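Observations on chain architecture
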Amino acid sequence: MENISVFWFRRDLRLEDNTALNKALLSRKKVLCLFIFDEQILKELPSDDARVNFIYNNLCRIDQSLKLNNSSILCVKGNPIKVWKELVQSYSIESVFVNKDYEPYGRTRDAKIKKFLLSKSIDFLSFKDQVIHEENEVLKKDGTPYTVFTPYKNKWLDIYKSKPVANLQGYQNFFQKIIPFPSLYELGFKKSSINIQDYNISQISKYSENRDFPNLDSTSYLSPHLRFGTVSIRLIMSKLTSNDDVFMNELVWREFFMQILFHFPHVVTQNFKSKYNGIKWLNKEEDFEKWCLGKTGYPLVDAGMRQLNETGYMHNRLRMVTASFLCKHLLTDWRFGEAYFAKKLLDYELSSNNGNWQWVSGTGCDSAPYFRIFNPIEQLKKFDKDEVYVKTWVPELGTDIYPDPIIEHKYARNRALEVYKKGLSG
């Protein structure tokens, strides 16, 4: 049996500029490409999840490209450790190549699989790919991680400018075998009614002036593509200029929150700042349900939530407004909102979702002060004054059908300030 290398696709669904894949193709062994639909993750998702459909469609695209080289992807569904135990029985594997995963589940999974493979004398080689700088590359002088964004960003940019990252060249050394690619239904999935659209960074030069106006629909839709690695972060960075610093900041925020999650994994379920543990959330089920359905009586909040429910997408300005409303106006624990966004967002990424929810609620690192409370009425006047966006998603606005506000703004604001102050002083 021929000795081979295996490249395991995860959050890197592309053949171009893929670090671990390139390393594998240079290994002097034929490379078998693998993808595992992880049942540990899938059990939390509906069978027609749009993100699973997106992964599947991109795997199909990659498989078609590989067939031009008389190769293909081995695409399976199961528990990763069980899959690997079967694979070592079927193939003579010398090395396994992966791009690093920085989330708690991924790190635990990889450690278990690495231990198993090493027991079989199989190398497990991991590489940086989904970030420009990983967790230990942007640190303070004393070697500790940054917990404030601006100094982190400045150091991040200094390193990047001193050592620009080049794109990788492609090679051809794939395992020569056509493996039948399973259908969506054979894997137990159903077609989703929601599609993830292609990204577009052609309007980035206008990003800073248009970014806060949801009716302009001027965002890049890049985030799900970075989340699943259908495009290289290096390629995106190479297309930006010095005038694109506002957009670049968003990419740095992404890596900031990733390194926060890596160094402080307790944030997944706990407040980053423990002093906020004393806040007495109301957590009224009826209020939360109205927020989820977009029936709070606040047009901008409701429009954002309805867009999310129908499309799996929400404009960034609206993410802040809706999150602030849930935490501050309704005094609902940020963890409820974070979990709801995790179920709905096409670009859901644990680190960014968690970091941004804690930022809004005031409990996170470098977060907005607890007394900063978004006024949804003023936000509407400022960013959708002609109500183009809200009327798109709340067509009954201005009629008797539309509900009265769930709570009066001034009262909610004062109540939130009082509850936060008590929680912090207690």
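Rules behind the numbers
Residues numbered from 1 in each chain as written. Predicted model: local features only at pLDDT ≥ 70, side-chain atom pairs only at ≥ 80, totals over all residues. Heavy atoms only, no water. Helix = DSSP H or I, 4+ residues; strand = E, 2+ residues; numbered from the N terminus. Rg over C-alpha atoms; globule rule 2.2 N^0.38 Å. Buried < 20%, exposed > 50% of the residue type's maximum accessible area, 1.4 Å probe, protein only. Contact = heavy atoms within 4.5 Å. 1 Å grid on protein atoms, 1.4 Å probe; cavity = no way out; pocket = protein on both sides within 12 Å on 5 of 7 lines; lining within 4 Å. Points joined across faces, edges and corners; volume = space filled by probe spheres on them. Nonpolar A, V, L, I, M, F, W, Y, C, P; charged D, E, K, R; others polar. Domains from an automatic or database assignment. Patch = residues over 30% accessible without salt bridge, like charges linked within 9 Å, V, L, I, M, F, W, Y side chains within 5 Å. Areas by Shrake-Rupley, 256 points an atom, 1.4 Å probe, with all protein chains shown as cover. Salt bridge = Lys/Arg side-chain N within 4 Å of Asp/Glu carboxyl O. Lys, Arg positive; Asp, Glu negative; His and termini not counted. Charge placed at Lys NZ, Arg CZ, Asp CG, Glu CD. Polar contact = N/O pair within 3.5 Å; in protein donor to acceptor, adjacent residues only side chain to side chain. Pairing = 2+ DSSP bridges. Axes fitted to C-alpha atoms, helices over the stretch in contact; angles between N-to-C directions. Right-handed = clockwise from strand over helix to strand, strands pointing away. Buried area = accessible area lost by both parts, 1.4 Å probe. Parallel < 35°, antiparallel > 145°, perpendicular 65-115°, else oblique.

Attention shifts here to the overall build of the chain. Summing up its helical and strand segments, the chain has 18 helices and five strands in all. A compact globule built from 426 residues should have a C-alpha radius of gyration of about 22 Å, and the chain, at 23 Å, falls within 12% of that. Looking at the chain as a whole, 55% of its 426 residues are labelled buried. Sequence-distant contacts in the chain: of pairs separated by 6 or more residues, those separated by 24 or more amount to 80%.

Right, let's talk about the layout of surface pockets for a bit. Within this model, the largest pocket holds a volume of roughly 1,300 Å³. If you trace the largest pocket, you find 44 residues lining it, with Ile 41, Leu 45, Arg 51, Arg 227 and Tyr 348 closest to the centre. If you list the elements that add at least two residues to the lining of the largest pocket, you get strand 1 (3-9), strand 2 (30-38), helix 2 (39-42), helix 3 (50-67), helix 5 (104-119), helix 8 (223-228), helix 12 (299-311) and helix 14 (334-344). No other element matches helix 14, which puts five residues into the lining of the largest pocket. Looking at the lining of the largest pocket, its residues break down into 23 nonpolar, six polar and 15 charged. Residues lining the lining of the largest pocket come from more than one domain, with at least three contributed by each of domain 1 (3-128) and domain 2 (268-423). Here the second largest pocket is characterised by a volume of approximately 990 Å³. Around the second largest pocket, the lining is made up of 35 residues, and of these Glu 250, Asn 316, Arg 319, Asp 347 and Asn 356 lie nearest the centre. Mapped onto the lining of the second largest pocket, the elements with two or more residues apiece are helix 8, helix 10 (245-263), helix 13 (316-329) and helix 15 (350-361).

With that settled, consider a positive patch on the surface. Together, Lys 82, Lys 85, Lys 112 and Lys 120 line one region of the surface with positive charge. Inspection of the secondary structure assignment puts Lys 85 in helix 4 (residues 80-90).

Moving on: the environment of Glu 250. Tracing the sequence through the fold places Glu 250 in helix 10. Put simply, Glu 250 and Ile 178 are 72 residues apart on the chain and 41 Å apart in space, counted from C-alpha to C-alpha. Among all residues touching Glu 250, those that are not within four sequence positions of it are Tyr 207 and Arg 211. Among the polar contacts made by the side chain of Glu 250, one reaches the side chain of Arg 211 at a distance of 2.8 Å.

Take the sheet that holds strand 1 next. Within a sheet, neighbouring strands are paired by backbone hydrogen bonds and run either parallel or antiparallel to one another. Ordered by their spatial adjacency, five strands build an open sheet running 3-2-1-4-5, and the pairing between neighbours is parallel. Both edges of this open sheet fall to strand 3 (73-78) and strand 5 (123-127), since each of them pairs with a single strand only. On average, adjacent strands in this sheet sit at an angle of 25° to one another, irrespective of strand direction. In the packing of helix 3 onto the sheet, contacts are made with strand 1, strand 2 and strand 3, and the angle to strand 2 comes to roughly 165°. Of the strands in this sheet, strand 1, strand 2, strand 3 and strand 4 (92-99) touch helix 4, which is tilted by about 150° from strand 2.

For the rest of this paragraph, the subject is the side chain of Thr 332. Considering the arrangement of structural elements, one finds Thr 332 in the loop between helix 13 and helix 14. The buried category is assigned to Thr 332, whose relative accessible area is 1%. Leaving out residues up to four positions away in the same chain, Thr 332 has contacts with Trp 281, Asn 283, Phe 288, Leu 326 and Cys 327.

Counted by the stated rule, this structure contains 24 salt bridges. Notably, a salt bridge pairs Asp 49 with Arg 51, separated by 3.0 Å at the nearest N-O pair. Among the residues examined, Asp 49 registers a relative accessible area of 5% and is labelled buried. The partner of Glu 387 in a salt bridge is Lys 391, with the nearest N and O atoms 3.7 Å apart. Shared partners join several salt bridges into a network, and the residues in it are Arg 10, Asp 101, Arg 109 and Asp 110.

Now for the pairing of strand 4. One face of the sheet, then the other: side chains in a regular strand alternate in exactly this way. Counting buried residues along strand 4, six of its eight residues qualify, which places the element largely inside the surrounding structure. The pairing of strand 1 with strand 4 spans five bridges and is parallel. Pairing of Phe 7 across the sheet is with Phe 97, part of strand 4. Across five bridges, the pairing between strand 4 and strand 5 is parallel. Residue Ser 95 lies in a different strand from strand 5, and its bridge partner there is Asp 123. The parallel pair strand 4 and strand 5 is bridged by helix 5, and the resulting crossover is right-handed.

Moving on, we get to the domain arrangement of the chain. Taken domain by domain, the chain holds domain 1 (3-128) and domain 2 (268-423). For domain 1 versus domain 2, the distance between C-alpha centres works out to 37 Å. At the interface, five residues of domain 1 touch nine residues of domain 2. When domain 1 packs against domain 2, the two sides together hide about 470 Å² of surface, and 49% of this comes from carbon and sulfur. Looking at the side of domain 1 that touches domain 2 residue by residue, the class counts come to two nonpolar, no polar and three charged.

All right, on to the side chain of Glu 103 then. Inspection of the secondary structure puts Glu 103 in the loop between strand 4 and helix 5. Looking at Glu 103, its side chain comes within polar contact range of the side chain of Arg 11, at 3.4 Å. Setting aside its immediate chain neighbours within four residues, Glu 103 contacts Arg 11, Leu 261, Glu 349, Leu 350 and Ser 351.

On to the packing of helix 13 against helix 18 (residues 409-425). It is at 9 Å that the axes of helix 13 and helix 18 come closest, and there the two elements cross at 65°. Taken together, the axes of helix 13 and helix 18 are roughly perpendicular relative to one another. For the pair helix 13 and helix 18, the contacting residues are Cys 327, Lys 328 and His 329 in the first and His 409, Ala 412, Arg 415, Ala 416 and Tyr 420 in the second. When its residues are assigned to classes, the contact of helix 13 with helix 18 shows four nonpolar, two polar and two charged.

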